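Structure assessment
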Amino acid sequence: MKTKRPAIFSVGYRSIIGEGEVTELTDLAEKKVALQIIMEKYSGKKDWEMPEGVLERTFVAKVLVKEMRAKAHS
């Protein structure tokens, strides 16, 4: 009978762990600016139309980062 040995296995990862202060944005102009930045990053498109009613119902938070650590394994 052949002896089975455990496989050597590893996973690559990158992570960021941080601490900071979270503040809700309530000013509609600030919310629009923040959402435009996010939408451009993920879609590549600028100048999204954001009706006031949608901005009023959308939760947007700002994070003031006080400390950040990063780890990576490849």
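Everything in this summary refers to the structure shown in the same document. (Residues numbered from 1 in each chain as written. Predicted model: local features only at pLDDT ≥ 70, side-chain atom pairs only at ≥ 80, totals over all residues. Heavy atoms only, no water.)

1. Digging into the packing of aromatic side chains
To keep it simple, the criterion reads: Here a Phe, Tyr or Trp ring, Trp counted by its six-membered ring, pairs with any other such ring whose centre lies within 6.5 Å, and the pair is stacked when the planes are under 30 degrees apart, edge-to-face when over 60, and tilted otherwise. By the criterion adopted, a ring carries a charge over it if an Arg CZ or a Lys NZ lies within 6 Å of its centre and within 35 degrees of its normal.
Evaluated as defined, the whole model comprises zero aromatic pairs. One cation-aromatic arrangement involves Lys45 over Trp48; the distance from NZ or CZ to the ring centre is 4.1 Å.

2. Quick notes on the pattern of salt bridges
This is how the line gets drawn: Think of a salt bridge as a Lys or Arg side-chain nitrogen and an Asp or Glu carboxyl oxygen that are within 4 Å of each other. Only protein chains enter the area calculation, which uses a 1.4 Å probe; residues under 20% of their type maximum are buried, those over 50% are exposed, and those in between are partly exposed.
For the structure shown, the criterion picks out three salt bridges. Across the pair Glu40 and Lys46 runs a salt bridge whose closest N-O atoms are separated by 4.0 Å. Here Glu40 falls in the partly exposed class, since its relative accessible area comes to 34%. Classification of Lys46 as exposed rests on a relative accessible area of 53%. Measuring nitrogen to oxygen at the nearest pair gives 2.8 Å for the salt bridge that ties Arg69 to Glu67. Looking at Arg69, the relative accessible area reads 37%, which means it is partly exposed.

3. A closer look at a nonpolar patch on the surface
This is how the line gets drawn: Only residues above 30% relative accessible area that lack a salt bridge enter a patch, with like-charged residues linked at up to 9 Å and the nonpolar side chains Val, Leu, Ile, Met, Phe, Trp and Tyr linked at up to 5 Å. Per-residue and other accessible areas were derived by the Shrake-Rupley procedure at a 1.4 Å probe size, with only the shown protein chains allowed to occlude residues. Under the DSSP-based scheme used, a helix requires at least four consecutive residues in state H or I and a strand at least two consecutive residues in state E, with every element numbered from the N terminus.
Taken together, the side chains of Ile16, Val22, Val63, Val65 and Met68 present a nonpolar region at the surface, about 500 Å² in accessible area. Broken down by secondary-structure element, the contributors of at least two residues to the nonpolar patch are β1 (13-25) and β2 (60-73). Examining the composition of the nonpolar patch, we find that three residues originate from one element, β2, more than from any other. With respect to the secondary-structure elements, Val22 resides in strand β1. Note on Val22: relative accessible area 57%, which makes it exposed.

4. Observations concerning the environment of Asp27
The condition is simple: Whenever a nitrogen or oxygen atom comes within 3.5 Å of another N or O atom, the pair is scored as a polar contact, on the condition that within protein one atom can donate a hydrogen and the other can accept it, and that pairs from neighbouring residues in sequence are kept only if both atoms are in side chains.
Here Asp27 lies in the loop between β1 and α1 (28-43). Residues Asp27 and Arg14, 13 residues apart in the sequence, show an inter-C-alpha distance of 34 Å. A distance of 3.0 Å separates a polar atom in the side chain of Asp27 from the backbone nitrogen of Glu30.

5. Brief notes about the side chain of Gln36
Tracing the backbone shows Gln36 in helix α1. From its side chain, Gln36 meets the backbone oxygen of Trp48 in a polar contact 2.6 Å long.

So, to be careful, I would describe these as geometric facts and stop short of saying anything about function.
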